[in-house]
Amino acid sequence: MKLILKNKKNIDFTKIEEIWNKKNIQNVVYSIFIATIIVFICNFSNSNFFFFDDAQNEFLPYLKESGRIWLKGEIPFIIKNTIIGQNQLIEFHRAIFLPQNILISILSNVLSFETVASILAFINLLIISFFSLKIGEALDLKEGLKKLLTFLFAINPIFIYMYSSSWWNEASAQTWFVVALASIFLLRKNFRKKYLILNVVSVLFLFVAGWSQALLFYFFLVIFFAIEKIKEKEYRELGIFSLIFIGIILVVSTVFSEYFLSLKLVNIGFGFGNFENFLSPDLNQMIMTFNPVYYTFMNRYGGYLITYIPMAFSSIYILILLCYQKNFWKKFFKNKNIKFISLLLLISFILSQLPAQLGLMRLPFKFLPIFSEMLIIFSIYGLEISELEFTKIRNNIFLGIILMSCILSFFSVEGDHMKVFKINIIFVILSIFQIYSISKDKEIRFLSSSIYTLFMLLLMLFMQPTVDGILPNQQLKKSINLKNNFNKNGYFLSLTNGNDVKDNLEDLYSAQFLLYGVKSVNGYTRSGNNKISELLDVTPSQSFNEKVTINNLSKKFNEDCYFDLLNIDSIAIKKEKLTKDMQKKLLSCGYSEKSVKNSKIDFFIKNQKNIGSISYTSKGIEVKKQITDKENLEKYQLSSSDNGFIVLSKVYWKGYKAYINGKRVNISSEKGLIKLDNIPNNLNNATLEIKYFPSSWKITIWLSLIGIIIIVYTLFNFKKRRQ
């Protein structure tokens, strides 16, 4: 198709489309290459590189169980096979509707743990690489600098070591943040419908991921973008973008609504303070952002320890810019891109200095990847617009700063001095060669800069091959011995708090039981039902206080123990932790002691004869059978000769509704468990229906629909105006 303009110039749109497609195909190929290289190198460093700590204890177990539910054609709102952390809308950080999570949840049912972890890392790296290239395009970077920016984004230490290896939700959220960032830069350059659509999709998924730090920064990004539009008097574009943003907020109201509606039911702290500066960024490391082998102490899991991960590393190019720029500062206040990027850099730095505890914004070091990315963009774009001047004085300043950072790195560690010395020497040599290459070629060439960047990744991995030693490694196996799985209809409660070697059922910990299809009380929660916490004494790391838990669960509810209300039919505990009083309480609740091959563990067994989730019925109520057994829906047939109530081994949340023959039954909480009140008498084979659907969605679904209408109408109207 050709369009002839008034100036008689012919524009061949077919040709433009061919160029666009070719360019994007090249970007995809390069992104696949970068993602493949990084995943391969990290797995070569350690085959378990992307599978540590929370990935083992929470994310993969719940993802695998979610995949099983998706494959049944149901929505995994509730995970029935666990008690702790079973409501995934309350634990919104699990992001059950995120596309890569849905894919991984399904794949985890057929592939090995490590393979699934590597696939997720690859997907996230691929997306980050592709859209960081788009940031380069939006800033009109040369091809070499654009690809260099992409490589630097992909080797961010926190993203590689912490997020991709353990905190999978942050890895996915960081991914969609980069896409959202790219959409804003593209809209700044050319306010087009396709970039608005990209913004809608990326920001929706960013909200779905539930990473509060990235969301807060995105709000600042929107504010700066809006201010820029006001200054440029582009009010129509600002209006369109504002409507799109309002629509997005309405659409994602369903993501957080159930959590905020249930605030009185959940355990979460909203403190304000530094509290020993836990996981707070070190200012020295942020100053030494150009050195990938500069290490400092950090108060982290395990105490105040030296941490061999350069948390604030961005690149050597910020130092090159500062040392060799000739006219950068003259352009600083004139170039609108530099001013915009500088504001983002400043706000990312300020946010990284927030208190260690600030409600949902706790752990400010999570802002460091954003700080590093802003600094990378600032550096690379600064080099793009600046003329570099290489003189003896400038070379000496550059070399002096590099050497000083290496000396300080050597002084800062408490051990491995020879190893630190060697890698710093290598860093100095490589940096000198890089400067020599730039000065000789009069530009930053892609090949030499890529090789240099690759070596920076290798130096980081040489010093810290994995996150092992910084975060726990549970050493999970594809299969374990389940001989001691005495479960029949109820839940297994493990009070062993796990073992380092995972050979048997009792060696598992937290939500790991879900990986092996074991129905257990154990799980993982960051919020959790506060009433259930009165029964199950669990630390934030999901370790049980055996004595308090047994004491709480052995208390009576009428004639039954709370063990029975939770439908617990088998319990494992270490013999060294079992006191005579604890043993007596277990036996008094009807459990019998059972010896197993593992001489260090005692099991207590009870044949719970409950039907489905119904664990207690008052006198005169008879549950005859279970008709339907789904994740969010259960049906039973029952009869009654008297008024009464029923208790279920299901955690109480506001979204539960109960009906008998279609008539609503009141639901209350009994120590965090569902209690059906006022069951009528004279029932004969009546149908009891218990179902879960998010209570807040009665309103927020309509808000989401309004948001979709606003977005679609705005995009359609935008298209009409363009035509």
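Owing to the predicted nature of the structure, the values given are computational and were not obtained by experimental measurement.

Colleague: So what exactly am I meant to see when it comes to a nonpolar patch on the surface here?
Modeller: Among the surface-exposed residues, Met418, Phe421, Ile425, Ile429 and Phe433 lie close enough to one another that they form a single nonpolar patch of about 510 Å² accessible area. Tracing the backbone shows isoleucine 425 in helix α18 (residues 417-441).

Colleague: I tried to follow the nonpolar core on my own but got confused; where do I start?
Modeller: Where a protein is soluble and globular, its nonpolar side chains tend to be buried together. By size, the foremost hydrophobic cluster in this structure holds 241 residues, and its most contacted members are Phe563 and Leu676. Filtering out sequence-adjacent residues up to four positions away, phenylalanine 563 remains in contact with Leu493, Ile550, Leu553, Ser554, Ile568, Ile571, Leu586, Cys589, Tyr591 and Gln608. Within the second largest apolar cluster, 6 residues are counted, among which are Ile69, Ile79, Ala511 and Leu514.

Colleague: Before we go on, may I ask you to explain the pairing of strand β14 (residues 621-629) in this structure?
Modeller: The sheet contact formed by β14 and strand β15 (residues 633-640) spans 7 bridges and is antiparallel. Within the sheet, the bridge partner assigned to aspartate 629 lies in β15 and is glutamate 634. Between β14 and β15, which pair antiparallel and follow one another directly, the connecting turn spans 3 residues.

Colleague: Mind showing me how you'd approach the pattern of salt bridges here?
Modeller: Side-chain pairs of opposite charge can arise where the charged atoms are in close proximity. One pass over the structure, following the stated rule, counts 31 salt bridges. Note that glutamate 634 and lysine 80 form a salt bridge whose closest N and O atoms lie 3.2 Å from each other. Note that glutamate 634 is positioned in strand β15 and lysine 80 in the loop between α2 (54-71) and α3 (99-107), a separation of 554 residues in sequence. Comparing glutamate 634 with lysine 80 shows no difference in burial state: the two are buried. In this structure, the salt-bridge partner of arginine 394 is glutamate 389, at a minimum N-O distance of 3.2 Å. The exposure class assigned to glutamate 389 is partly exposed, which follows from its relative accessible area of 29%. Salt bridges linked by common partners bring Glu65, Arg68, Lys72, Glu74 and Glu631 together as one network.

Colleague: Looking at this structure, how should I read the environment of lysine 72?
Modeller: Here lysine 72 lies in the loop between α2 and α3. Using a relative accessible area of 41% as the deciding quantity, one classes lysine 72 as partly exposed. In this structure the side chain of lysine 72 is engaged in a polar contact, spanning 3.4 Å, whose partner is the side chain of glutamate 631.

Colleague: Whenever I open this one, the sheet that holds strand β17 (residues 656-660) confuses me. Can you help?
Modeller: Picture the strands of a sheet paired through backbone hydrogen bonds; they go either parallel or antiparallel. Reading across the sheet, the 5 strands line up as β14-β15-β21-β17-β18 and stay open at both edges, with antiparallel pairing between neighbours. In this open sheet, the two strands that pair with only one neighbour each are β14 and β18 (663-665). On average, each strand axis in the sheet is tilted by 30° relative to the strand beside it, whichever way the strands run. As judged from the 3 bridges shared by β17 and β18, these two strands associate in the antiparallel manner. By the bridge assignment, tyrosine 659 is partnered in β18 with arginine 664.

Colleague: Explain the packing of aromatic side chains to me, please; I cannot follow it from the model alone.
Modeller: The relative placement of two aromatic rings is captured by the distance of their centres and the angle of their planes. Overall, the coordinates contain 47 aromatic pairs when judged by the stated rule. Between the aromatic rings of tryptophan 70 and phenylalanine 97, the centroid separation amounts to 6.1 Å while the plane-to-plane angle is 70°, which identifies the pairing as edge-to-face. Here the residue tryptophan 70 occupies a position in helix α2, and phenylalanine 97 occupies one in the loop between α2 and α3, the gap between them amounting to 27 residues. With a relative accessible area of 22%, tryptophan 70 lands in the partly exposed category. Relative to phenylalanine 260, the ring of tyrosine 259 lies with its centre 5.3 Å away and its plane at 80°, an arrangement referred to as edge-to-face. Its relative accessible area of 1% is what places tyrosine 259 among the buried residues. By relative accessible area, phenylalanine 260 is classed as partly exposed at 44%. Grouped by ring-pair contacts, the aromatic residues Phe92, Phe207, Tyr218, Phe219, Phe245, Phe256, Tyr259 and Phe260 constitute a single cluster. Over the aromatic face of tyrosine 591 sits the side chain of lysine 606, whose NZ or CZ is 5.7 Å from the ring centroid. The ring of phenylalanine 645 carries the charged tip of lysine 675 above its face, separated from the ring centre by 4.7 Å.

Colleague: I'm lost on the state of the cysteines in this one. Help?
Modeller: Two cysteines, two sulfur atoms, one covalent bond between them: this is a disulfide. A complete count under the given rule lists 1 disulfide for this structure. Note on cysteine connectivity: cysteine 561 is disulfide-linked to cysteine 589, with sulfurs 2.1 Å apart. Around the S-S axis, the bridge from cysteine 561 to cysteine 589 shows a dihedral of about -90° and counts as left-handed. Highlighted residues: cysteine 561 in strand β9 (residues 560-561) and cysteine 589 in the loop between α22 (580-588) and β11 (592-595), separated in sequence by 28 residues.

Colleague: Even after reading the chapter, I still don't get the packing of helix α7 (residues 168-189) against helix α8 (residues 193-209), so can you show me in this structure?
Modeller: The interhelical angle for the contact between α7 and α8, taken along N-to-C directions, is 155°, at an axis separation of 8 Å. Here α8 runs roughly antiparallel to α7, going by the angle between their axes. The way α7 lies across α8 gives a crossing that is left-handed. Counted together, Ala173, Trp176, Phe177, Val179, Ala180, Ser183, Ile184, Leu186 and Leu187 of α7 and Tyr195, Leu196, Leu198, Asn199, Ser202, Val203, Phe205, Leu206 and Ala209 of α8 form the full contact between these two elements. For the contact of α7 with α8, the residue count by class is 15 nonpolar, 3 polar and no charged.

Colleague: Mind showing me how you'd approach the confidence of the model for the protein here?
Modeller: Interpretation of this model should avoid reading the predicted coordinates in detail wherever pLDDT is low. Chain-level pLDDT for the protein is 90 on average; 96% of the residues reach the 70-or-more range. Taken as a whole, residues 1-9 scores under 50 in pLDDT and shows 13 contacts with residues more than four places along the chain or in a different chain.

Definitions and limits used
Residues numbered from 1 in each chain as written. Predicted model: local features only at pLDDT ≥ 70, side-chain atom pairs only at ≥ 80, totals over all residues. Heavy atoms only, no water. Patch = residues over 30% accessible without salt bridge, like charges linked within 9 Å, V, L, I, M, F, W, Y side chains within 5 Å. Areas by Shrake-Rupley, 256 points an atom, 1.4 Å probe, with all protein chains shown as cover. Salt bridge = Lys/Arg side-chain N within 4 Å of Asp/Glu carboxyl O. Helix = DSSP H or I, 4+ residues; strand = E, 2+ residues; numbered from the N terminus. Core = buried A, V, L, I, M, F, W, Y, C linked by side-chain atoms within 4.5 Å. Buried < 20%, exposed > 50% of the residue type's maximum accessible area, 1.4 Å probe, protein only. Contact = heavy atoms within 4.5 Å. Pairing = 2+ DSSP bridges. Polar contact = N/O pair within 3.5 Å; in protein donor to acceptor, adjacent residues only side chain to side chain. Axes fitted to C-alpha atoms, helices over the stretch in contact; angles between N-to-C directions. Phe/Tyr/Trp six-rings, centres within 6.5 Å; stacked < 30°, edge-to-face > 60°. Lys NZ or Arg CZ within 6 Å of the ring centre and 35° of its normal. Disulfide = S-S within 2.5 Å. Parallel < 35°, antiparallel > 145°, perpendicular 65-115°, else oblique. Left-handed = near helix turned anticlockwise from the far one by under 90°. Nonpolar A, V, L, I, M, F, W, Y, C, P; charged D, E, K, R; others polar. pLDDT = per-residue confidence, 0-100.

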